[in-house]
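Here's the letter readout for the chains.
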Amino acid sequence: MSVAVPNMNVRVAAGRDPSDNYLNHSRGLLSWIFTLDHKRIAIMYMVFILANYLLAGIFAMLLRIELLSPKPWMLADPEATKQLYNNMFTLHGAMMIFLFVIPAIPAIFGNFVLPLMLGAKDVAFPRLNLLSLWCYGMGGLFFVYVLFSGVYHAATGNTLPGGFGLDTGWTFYTPYSTNEASGGNVVAATTGAFIIGFSSILTGINFVASIHTLRPKAMGWFKMPLFLWSLYATSILQILATPVLAITLLLLIAEKTLHIGIFAWKLGGDPVLYQHFFWFYSHPAVYIMILPAMGVMSEVMPVFCRKHIFGYAFIACSSVGLAMLSFFVWGHHMFVSGQSALVNSIFSLLTFSVAIPSAVKVFNWTATMYKSDIRFNAALCFALGFIMVFTAGGLTGMFLGSLQTNVPLHDTYFVVAHFHYVMMGSTVFAFLAGMYYWFPKIFGKTCNDKVGCWAAVIIFVGFNLTFFPQFIMGTKGMPRRWATYPPEFQIYHIISTIGAFVMAAGLFTVAYNWVAGLLIGPPAPPNPWGGNTLEWATTSPPPHDNFAQTPTPGDPYHLADWQYVNEKQGWVKSPATSEGPQA
Amino acid sequence: MMTGAINLLADVGGSYWLPPRASGYAGASDWVFWFIMGICIFFFGLVAALVVTFAIKYRHREGVVTDTAASHSTALEITWTLIPTVIVFIIFYYGFKGYMAGTVAPSNAMPIVVNAVQWSYSFDYPNGVNDSEIHIPINVPVEFILSSSDVIHGFYIPAFRIKKDIVPGRYNKIWVQADQLGEYDIFCTQYCGLDHSGMRAKLYVQTPQQYAAWLDKKALEAASIPPVDHGKAIYTKFCNSCHTIDGSASTGPTWKNLFGYPVKFADSSSLTVDEDYLRSMILNPNNKIVAGFLPVMPSFQGQLKDRTHDVDHLIAFIKSLSDKGQPPALPGAAQPTTKP
């Protein structure tokens, strides 16, 4: 499948130019905007997603700074401060979820690596892939508009069409969000989320089709890299769950603008119905966020432990198992909504079943380390952080799955801490591990590994300092989404804010490390870590059409043939076998 | 902050994690909490110890060749699938059992209606008393009937380990039987708008004698109270989170010198504040928005009762705060009334 773009100044070489790669293959802004190359699409996703991560992270820092004091203090007017706080936590949540955590790993690494791992030239539907990128961009613009409307109102006192700001929480719960008088720019934000949803659906369709149709004959289902298994499971979730969110948001918009009574009790609707619809998407979405992270882990752990992944089949099946089970647990978000005791009990039971595949994965990654030969590269440091943080996050989920302990902890900082351990902790640690792992492949440059390792330590310390006190606060009763609070909680908030600054310092160290690697990093070899998946069988960065010659897949985790040769400063494959990438 | 730090240190070994307990149910809930905590500490300790041990023991060392290990072991993997399965279902069972024991209130439970509105609570007692605090007798089952007239609110009493959303359009119920005297917090836990974090109230567990005395006092006050004082009580219950009476700024306009003075609206129209305007603003607040304020006030239709002349007395109170609203002018139903 050739994906040449007409009229784009494509360099056509008679022979193969060794310096030709996807980055310099064609030039000019249009060659990026209209590219069908999955690698360039991944790069553009990376730019947008990291920009949104920075923005939503700044909101988080503002929240933490405001919470240093039990009373509103950031602005002269306490009412305006509360208004600002409510807007910040809403935009922090909505942008982190819809614009960062959900797309981060599938859209960046999935897009870049999936065709390479299959030994293919591109995804199955390159044009659809471009459409999903720009759906993401369009949806993101709506959030920019919401943000701008808030800033504009604060600066001039005028209101743009649709209202200003957004203060419903990222969940848009009715009837607060559908009241004419409240919520801010709900229609713009939900329209944005609706459009971004299509980006997610289209990417899911593309990945499923690619894995089915582009897999080489020699790569059976159980010979696939585990990252592809996790992307496959994620894609199924995206295809099946995201349309429910889209419909829910449309109903919300219909109620808000046309006054059709669906969720509004005054019009005969049911506000809790909205919560059911919303969480029927948003619980599976939790697994859209964590499954790809687990996939990254299953790639990084064996490569840096220099050992075959332990229990391949169990890991692969647990990804699919998690994806299926995740559809049947949404009711645990409504344990205190007035849902009947019978329904609560069923959902509690089903919720506990999700713990099992997650536990299996943790045991498998840990067992992979047994009798291994561990290289402490930056990617592995983040991966080890992931195991710790994910274990803590997963275990604290049991307090919330159990009915009796859920009730006092529901909607408190305990929940905030729990989901930050799983999303911010685990997914971000895996995202950073993946970034350090594939950085040489993506950019053809090498980062300073020592700096990366120190950054992992700083982020790990900062992360736990930020979120562990929130567990304690939560058990003591501190409700979430509170702009002000009783003074007895202040000490925990202060520790948490200090932790947030430590974590920010670690993240900026990472950013510095990447920029330095891009600018002055030494060129990367094709296979800098001695991996055996097919993305390492091509040059770094890969050429426009990915492979000079089609590679032959082998066991993706058979690493014993790769030896580090000091004289060559690189990994060399012993000539005994012909499977997998060649040096 | 210093006292906070001291409290934090003093907490160690005591109630480091959980707030004080004030009911038997809270004790049962905490037992499940510590049971799960024990399992968490064990498994986290296990995983962390293995990761750290392996990371040290199997780190790459030049010239050291490690033994190889199997890449899978079905028996081991089935074992570590089954053990967590058994454990999580045991946890489910205890959480389920304790929860079910607390779901149905005893038939002799004393009902208290919880009225939630942005951003305050008020509580109706069986004898008709309405107050902004909860007082309950010790060792008597009490059922809270939760009612909201605008958005979803939360009703959370940490000391009892109970919580339920207050959903408009339906009555959720929750019950307690307190076994410790004292003053406890009530928090709103479902985000409800601008002053969500200000939506707090207090609950007092009292001896039966104290409780009866308090209830009698409140009933007497309600019966003999002059209109302006009754209006002030309503103000304290519903209005003071957003309106001041001393001229200072807040979410809504101050009531000092509001009556009898001109007011400007967001649509640039204006009028002089009179009784009709105040009544329409209390019942349909967002018909007109005063310039410089947000349309965030909820309607108090249904919250304020005609039977007890709530609206009239509230207007009387607002008038008393203005130098242009001094007696004798109270028209119609707002005349001082003598209560039966």
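K.L.:
Would you take a moment to explain the overall build of chain A for this structure?
P.N.:
Secondary structure summary: chain A contains 14 helices and 2 strands in total. For chain A, the C-alpha radius of gyration of 24 Å lies close to 25 Å, the compact-globule estimate for 583 residues. C-alpha extents for chain A along the principal axes are approximately 70 × 55 × 45 Å. Buried positions account for 62% of the 583 residues belonging to chain A. Counting contacts in chain A only where the partners sit at least 6 residues apart, residues at least 24 apart contribute 79% of the total.

K.L.:
Would you mind going over the overall build of chain B with me for this structure?
P.N.:
When helices and strands are tallied, chain B shows 7 helices and 12 strands. The globule rule puts the C-alpha radius of gyration for 340 residues at 20 Å, and the 28 Å found for chain B is more than 25% above it. Taken along the three principal axes of its C-alpha coordinates, chain B extends 100 × 50 × 40 Å. Evaluated residue by residue, chain B yields a buried proportion of 34% over its 340 residues.

K.L.:
Just checking my understanding: could you explain the domain arrangement of chain A for this structure?
P.N.:
By convention, interface size is frequently given as the accessible area that disappears when the constituent parts associate. Residue and element names in this part refer to chain A. The domains assigned to chain A are domain 1 (34-298) and domain 2 (532-583). The interface of domain 1 with domain 2 comprises 13 residues on the first partner and 15 residues on the second. With 4 residues, the single largest contributor to the side of domain 1 that touches domain 2 is helix H3 (residues 78-117). Of the residues in the side of domain 1 that touches domain 2, the class split is 8 nonpolar, 1 polar and 4 charged.

K.L.:
What exactly am I supposed to notice about unusual backbone geometry here?
P.N.:
Residues apart from glycine generally show negative phi values, whereas peptide bonds are mostly found in trans. The step from Ser540(A) to Pro541(A) runs through a cis peptide bond, and the omega angle for that step is -10 degrees. Omega for the bond connecting Gln118(B) with Trp119(B) falls within 30 degrees of zero, at 0 degrees, which places this linkage in the cis form. Tracing the backbone shows Trp119(B) in the loop between strand S1 (110-117) and strand S2 (120-124). Within the chain, Lys371(A) stands out as a residue other than glycine whose phi angle is a positive 50 degrees.

K.L.:
What is the right way to read the domain arrangement of chain B from this model?
P.N.:
All names here are of chain B. Segmenting chain B into domains produces domain 1 (12-54 + 73-101), domain 2 (110-222) and domain 3 (225-334). Each of domain 1 and domain 2 has a C-alpha centre, and the two are 32 Å apart. Class assignment for the residues of the side of domain 1 that touches domain 2 results in 5 nonpolar, 3 polar and 1 charged.

K.L.:
How should I be thinking about the sheet that holds strand S8 (residues 172-177) of chain B in this particular structure?
P.N.:
As a general point, the strands of a sheet are linked pairwise by backbone hydrogen bonds and lie either parallel or antiparallel. Residues and elements named next belong to chain B. Read across the sheet, 5 strands follow the order S3-S2-S1-S5-S8 without closing on themselves; strand pairing throughout is mixed. Every other strand in the sheet has two partners, leaving strand S3 (130-131) and S8 as the edge strands with one partner each. Here S1 pairs with strand S5 (residues 141-148) via 7 bridges, running parallel. Residue pairing for S5: valine 113 is matched across the bridge by isoleucine 145.

K.L.:
What is the right way to read the interface of chain B and chain A from this model?
P.N.:
With 77 residues of chain B at the interface, the matching set in chain A holds 75 residues. Going through the elements one at a time, helix H1 (2-11), helix H2 (24-57), helix H3 (74-101), strand S6 (153-157), strand S7 (162-166) and strand S9 (182-187) of chain B are the ones with two or more residues in the side of chain B that touches chain A. For the side of chain B that touches chain A, the element with the highest residue contribution is H3(B), accounting for 14 residues. Of the residues belonging to the side of chain B that touches chain A, the class tally is 42 nonpolar, 25 polar and 10 charged.

K.L.:
What is the right way to look at the nonpolar core in this model?
P.N.:
If you look at the biggest cluster of nonpolar residues, it comprises 272 residues, and the most contacted ones within it are Val300(A), Phe382(A), Ala383(A) and Ala433(A). The element contributing the most residues to this core is H3(A), with 24 residues.

K.L.:
Honestly, the packing of helix H9 (residues 341-368) of chain A against helix H10 (residues 378-401) of chain A in this entry has me stumped. Any pointers?
P.N.:
How two helices pack is summed up by the angle between their axes together with the distance between the axes. Residue and element names in this part refer to chain A. Their axes nearest at 10 Å, the elements H9 and H10 cross at an angle of 165 degrees. The pairing of H9 with H10 is recorded here as roughly antiparallel in orientation. As H9 packs across H10, the resulting crossing turns out to be left-handed. Taken together, the residues of H10 that come into contact with H9 (itself represented by Ser348, Thr351, Phe352, Ala355, Ser358, Val362, Trp365 and Thr366) are Ile387, Phe390, Thr391, Gly394, Gly397, Met398 and Gly401. Partitioned by chemical class, the residues of the contact of H9 with H10 number 7 nonpolar, 8 polar and no charged.

K.L.:
I would appreciate a short explanation of the packing of H3(A) against helix H7 (residues 271-305) of chain A in the present structure.
P.N.:
Residue and element names in this part refer to chain A. At their nearest, the axes of H3 and H7 sit 8 Å apart, and the two run at 40 degrees to each other. Regarding the angle of H3 to H7, the classification is oblique. H3 and H7 meet at a crossing whose hand is left-handed. Side by side, H3 and H7 meet where Val101, Ile102, Ile105, Pro106, Phe109 and Gly110 of the first sit next to Ala285, Ile288, Met289, Pro292, Ala293 and Val296 of the second. Classifying every residue of the contact of H3 with H7 by side-chain character gives 11 nonpolar, 1 polar and no charged.

K.L.:
Sorry, what's going on with the environment of Tyr413(A) here?
P.N.:
All names here are of chain A. Note that tyrosine 413 resides in helix H12 (residues 413-443). Under the C-beta neighbour-count criterion, tyrosine 413 is labelled buried, with 29 such atoms within 10 Å. Here the alpha-carbon distance between tyrosine 413 and methionine 473, two residues 60 residues apart in the chain, equals 6.2 Å. Apart from residues no more than four positions distant in its own chain, tyrosine 413 is found in contact with Gln470, Met473, Gly474, Met478 and Arg480.

K.L.:
Which parts of the structure should I look at to understand the pairing of strand S2 (residues 570-573) of chain A?
P.N.:
Residues and elements named next belong to chain A. Where strand S1 (residues 562-565) and S2 come together, 4 bridges link them in antiparallel fashion. Following the sheet pairing, tyrosine 564 is matched in S2 by tryptophan 571. In this antiparallel pair of consecutive strands, S1 and S2, the connection spans 4 residues, and glutamine 569 shows a positive phi of 50 degrees.

K.L.:
For this particular structure, what's the right way to read the environment of Phe48(A)?
P.N.:
All names here are of chain A. Within the secondary structure, phenylalanine 48 sits in helix H2 (residues 38-66). Expressed as a C-alpha distance, the spacing of phenylalanine 48 and glycine 140, which sit 92 residues apart in the sequence, is 8.8 Å. Ignoring sequence-local partners within four residues, the contact set of phenylalanine 48 consists of Tyr136, Gly137 and Gly140.

K.L.:
What is the right way to read the confidence of the model for chain A from this model?
P.N.:
When pLDDT is low, close inspection of the predicted coordinates is not appropriate. Scored by pLDDT, chain A has a mean of 91; 96% of the residues are at 70 or more. Segment residues 1-14 of chain A: pLDDT under 50, and 25 contacts once partners within four positions in sequence are set aside and those in other chains are kept.

K.L.:
Sorry, what's going on with helix H13 (residues 449-475) of chain A here?
P.N.:
Count 3.6 residues to each turn of an α-helix, and residues three or four apart come out pointing the same way. With 27 residues, H13(A) should reach 39 Å at 1.5 Å per residue; the first-to-last C-alpha distance of 39 Å fits that figure. After H13(A) finishes, the residue Gly477(A) shows a positive phi value of roughly 110 degrees.

K.L.:
Hey, could you run me through the pairing of S7(B) in this one?
P.N.:
For a regular strand, side-chain orientation follows a simple rule: the groups alternate between the two sheet faces. Residues and elements named next belong to chain B. Across the 5 residues that make up S7, a large majority, 5, are buried. Relative to S7, S6 runs antiparallel, the two being bridged by 5 bridges. What sits directly across from histidine 153, in S7, is isoleucine 166. Joining the antiparallel neighbours S6 and S7 is a turn of 4 residues, in which arginine 161 adopts a positive phi near 60 degrees.

Procedures and definitions
Residues numbered from 1 in each chain as written. Chains lettered and ligands numbered in written order. Predicted model: local features only at pLDDT ≥ 70, side-chain atom pairs only at ≥ 80, totals over all residues. Helix = DSSP H or I, 4+ residues; strand = E, 2+ residues; numbered from the N terminus. Rg over C-alpha atoms; globule rule 2.2 N^0.38 Å. Buried ≥ 20, exposed ≤ 12 C-beta atoms within 10 Å, placed from the backbone. Contact = placed C-beta atoms within 7 Å. Domains from an automatic or database assignment. Nonpolar A, V, L, I, M, F, W, Y, C, P; charged D, E, K, R; others polar. Pairing = 2+ DSSP bridges. Core = buried A, V, L, I, M, F, W, Y, C linked by C-beta atoms within 7 Å. Axes fitted to C-alpha atoms, helices over the stretch in contact; angles between N-to-C directions. Parallel < 35°, antiparallel > 145°, perpendicular 65-115°, else oblique. Left-handed = near helix turned anticlockwise from the far one by under 90°. pLDDT = per-residue confidence, 0-100. Expected span 1.5 Å × (residues − 1).

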